[in-house]
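Listed here are the chains, written in short residue letters.
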Amino acid sequence: MRRLVLALGLILSCATVAPAFEIEEERVFDAGSGAPEVRILSTTDTEIFAPLVVAFQMANPGIAVRYTVASTTEVYKAIAGHEAAFDLVVSSAMDLQMKLANDGYAREHRSAETAALPDWARWRDQLFAFAQEPVVLIASRPELEGLTLPRTRADLITLLRDNPERFDGRIGTYDPNRSGAGYLFATQDARQSDTFWRLTEVMGGLSPKLYDGSGAMITDVQAGKLALAYNVLGSYAAAQLAGDPSAVLIELEDFTNVLLRSALISRDATRPELGALFLDFMLSDEGQTLIDRRAGLPRIDPATLASAGHRRPIRLDPGLLVFVDPLKRQRFLREWTAAMVRR
Amino acid sequence: MKRLWFASSGSIRQRLILQLLVLVAVLSWVLYLSVKTVAGSAVETTQDAILGSATIAIAEELRGGEDGVAVDIPYTAFSMLGATGEDRVFYRIIIDGVTVTGYEDLPLAEEPLGGLSPVFYTRSYQSETVRIAAVERSVLVGNKPARVEVIVGQTRSAQDAIVAQMANRAAALGLGFFAIAAVLSLLTARSVLQPVRNLTEAVGRRGPQDLRPVERPVPSELAPLVTALNQFIARLSGALTRTETFIAEAAHHIRTPLATLRAQAEITLRQSPDEATRASLRAMIRSVDDSARSVGQLLDHAAVVYRTDQRTEEEIDLVALTRDIVAAFGPAADLRDIGFDLSLPDAPIVMTADRLLLESAIRNLLDNAVKYSALEGRISVGLALEGEGGAGLVRLKVCDRGRGLSGTRSSTLTGRFRRGSNVADVVGSGLGLTIVREVAIAHGGDFRLTERDGGGTCADLSLPLG
């Protein structure tokens, strides 16, 4: 549910310009009157983050937390457009986070917690990954009855080509035009392998359904509306499919992108020290355990990547900036749409 | 040991070490600076190469078409910029003067672009120093060429970090270099100055009469010094020889005419009947005696002074020497009825000394004793060994019953041309005791005068044996 909260902005600060970005939800975790407040702008739903915020307030009593949820592009617009002052910016859109950091919207922060992060999980001491999520394929068991489950994209292409009648109109994937995450997954796929374009062509021929969120795709697979859902966030899938034998979660073995959820302390922060405090808590062992167990977002762990060679974390490097370029984006989306949407 | 004090103009060793250390410090600093510079330019060249490749990679992907230029930035173009560090990346693509994508305010090159290679420049952008590569390509749009500029910039923190790291290593190397050189310079200074020390020791160890030239091998740098030293020794040796010759000549030239004069005066005295003339002659003879004694003592003193520096040492039996000299004084003592009480050991006392000096000393002691003794007085001459097992001192004691010292101090009387306050009536030059004292000192011994119990004076000369 989205609602335009121009009014809220006016209430928050009557004198300043109203924020020209859309928020989905805002919740204040109170800590008594007059308590300092850390403002977090996030793309992660409040329910998922709430246990972490509560634990943070237990560890640091007397700090209120204002948790604002917005879409990835709105989060980017809010910060890059100096629309509102937030202390901590949490997003799953690595490319946009990278763009913010590269363009100087992030503050440097060094602590024992940030130093403990592996190299690939931080950039310039400004951008820090706090969760790693494989991007997976979900297959419905009843729908694939009698077929071999695909292990690679090449398998998947063969499967789709050989059984067009079974999959026509029954494949779901992100619409990168509408979803930042979907755009990131598609561009990373394209970067990793040429099979992506072949797969897109094949899927395009099977009237795919396009989504702007992982949750709906998983639900549709469970409901039997979809036989396959391609590029779904692993954490959501694992949570939703727990104890459900009707769908199976597949990490494709040619490569499986691993999304890094990341946080940065905003240049415009009013309480950057509180933002840093919350960030350190997120990266601490306690915070990581909570993120892993309660929020269901896998913690940063180089060991799990090392044990599964097909998992490739999307690197926090300037390469991410390429697909943020408007010309590049335009071009990519044109090609993707041409391949995927036939009618 | 007698020591010469002179103004020191500093230590060669310190100067040498200081100069070496300064040199090494300068070299270390130069090393640090050159490594820093070389590393800086090497790293910049490498970074430029990567930046240039990224820029060209973008330029290579430019495609002309009917409706415009297609810009397709390859992922690797920026990804490779992240390979060496975590630098911020900025880019700008301009088609026919219009920025179509990227950072619109990224600075342009001042020099004209052209050619296939990118132009590199450094500018300040977004409050950071940014290294920028710019390249130009001409792309056909329709049938007209469009001018496309690709500009890619990158902050330099990775480069600065690498240069700082290398410079730190160079600094550590320089410090290590300096420490090793410090130790080596100490050793070098020591070994360089070793010949000087050796020469100093060799010259310092020489005996008093060793005036041979220095002949030990020395480094060529010290050769002029040794040559000068040898020339100086030769001059000194010559001067000493001339002094000795002069003393001998003077003794001869003064003593002989005085003896002749005295003989002539005696003859005239015997032949002259005139009492007044005889009285004059006697006075004259006494004066001549006085002069002869003075001259003798002056020559003795000169000889002693000379021989103190130029001793000829030989083994001397002191017992025999004393006995001989006492015997020589027999006639002079007999004239005044003075007798000697000799107390000499039976065994010979042998010591290494200069015979002439010892004779001179003993003769002067006895001469004084005889001179100041009353008529019919007795002089005791004792010679004894002192110290454990006779290894220590030999002591010659000459005591008279003369007029004593009247409280005048021993050290005063042994001064040159000093005489006691109570001896104006006796002929004397005031050099006798000086000679004795100088002989004592030359042999490392001691001389003192003491009041004798019951009147008179005791002269006490002690000399170390060996």
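From a predicted model like this one, the values you see are computed outputs, not experimental measurements.

Undergrad: Just give me the short version of the overall build of chain A, but keep the residues and values in it.
TA: In terms of helices and strands, chain A carries 16 helices and twelve strands. Per-residue burial over chain A gives 45% buried out of 343 residues. Restricting the contact set of chain A to residue pairs at least 6 apart, pairs at least 24 apart contribute 78%.

Undergrad: Now, about the overall build of chain B: what can you tell me, with residues and values included?
TA: Looking only at helices and strands, chain B features nine helices and 14 strands. Looking at chain B as a whole, 25% of its 466 residues qualify as buried. In chain B, the share of contacts with a sequence separation of at least 24, taken over all contacts with a separation of at least 6, comes to 67%.

Undergrad: Summarise the nonpolar core; cite the residues concerned and give the values.
TA: Leu88, Ile138 and Leu228 of chain A are the most contacted members of the largest nonpolar core, which totals 126 residues. The element that contributes the greatest number of residues to this core is strand β6 (residues 127-140) of chain A, accounting for ten residues. Listed in part, the 38 residues of the second largest apolar core include Ile338, Leu366, Val394 and Leu449 of chain B.

Undergrad: Hey, could you go over the pairing of strand β11 (residues 256-265) of chain A for me, with residue numbers and the actual values?
TA: All names here are of chain A. Most of β11 is tucked away, with nine of its ten residues classed as buried. Bridging between strand β4 (residues 88-91) and β11 involves four bridges; their strand directions are antiparallel. Bridge pairing in β11 places leucine 88 opposite isoleucine 265. Summarising the sheet, β6 and β11 pair through seven bridges and their orientation is antiparallel. Residue pairing across strands places alanine 131 opposite arginine 261, the latter belonging to β11. Of the strand pairs in this sheet, β11 and strand β12 (residues 311-313) are connected by three bridges, and their pairing is parallel. The residue bridging asparagine 257 from the neighbouring strand is arginine 312, located in β12.

Undergrad: Can you break down the sheet that holds strand β7 (residues 144-155) of chain B residue by residue, with the values?
TA: All names here are of chain B. An order of β4-β3-β7-β6-β5 is seen for the five strands of this open sheet, with the pairing classed as antiparallel. Of all strands in the sheet, those bounded by a partner on one side alone are β4 (98-102) and β5 (119-125). In this sheet, adjacent strand axes meet at a mean angle of 30° when their direction is disregarded. Bridge count for strand β3 (residues 89-95) against β7 is seven bridges, and the pairing is antiparallel. By the bridge assignment, isoleucine 93 is partnered in β7 with valine 150. Together, β5, β6 (128-141) and β7 form the strand contacts of helix α1 (residues 12-60), whose direction differs from that of β6 by roughly 30°.

Definitions and limits used
- Residues numbered from 1 in each chain as written.
- Chains lettered and ligands numbered in written order.
- Predicted model: local features only at pLDDT ≥ 70, side-chain atom pairs only at ≥ 80, totals over all residues.
- Helix = DSSP H or I, 4+ residues; strand = E, 2+ residues; numbered from the N terminus.
- Buried ≥ 20, exposed ≤ 12 C-beta atoms within 10 Å, placed from the backbone.
- Contact = placed C-beta atoms within 7 Å.
- Core = buried A, V, L, I, M, F, W, Y, C linked by C-beta atoms within 7 Å.
- Pairing = 2+ DSSP bridges.
- Axes fitted to C-alpha atoms, helices over the stretch in contact; angles between N-to-C directions.

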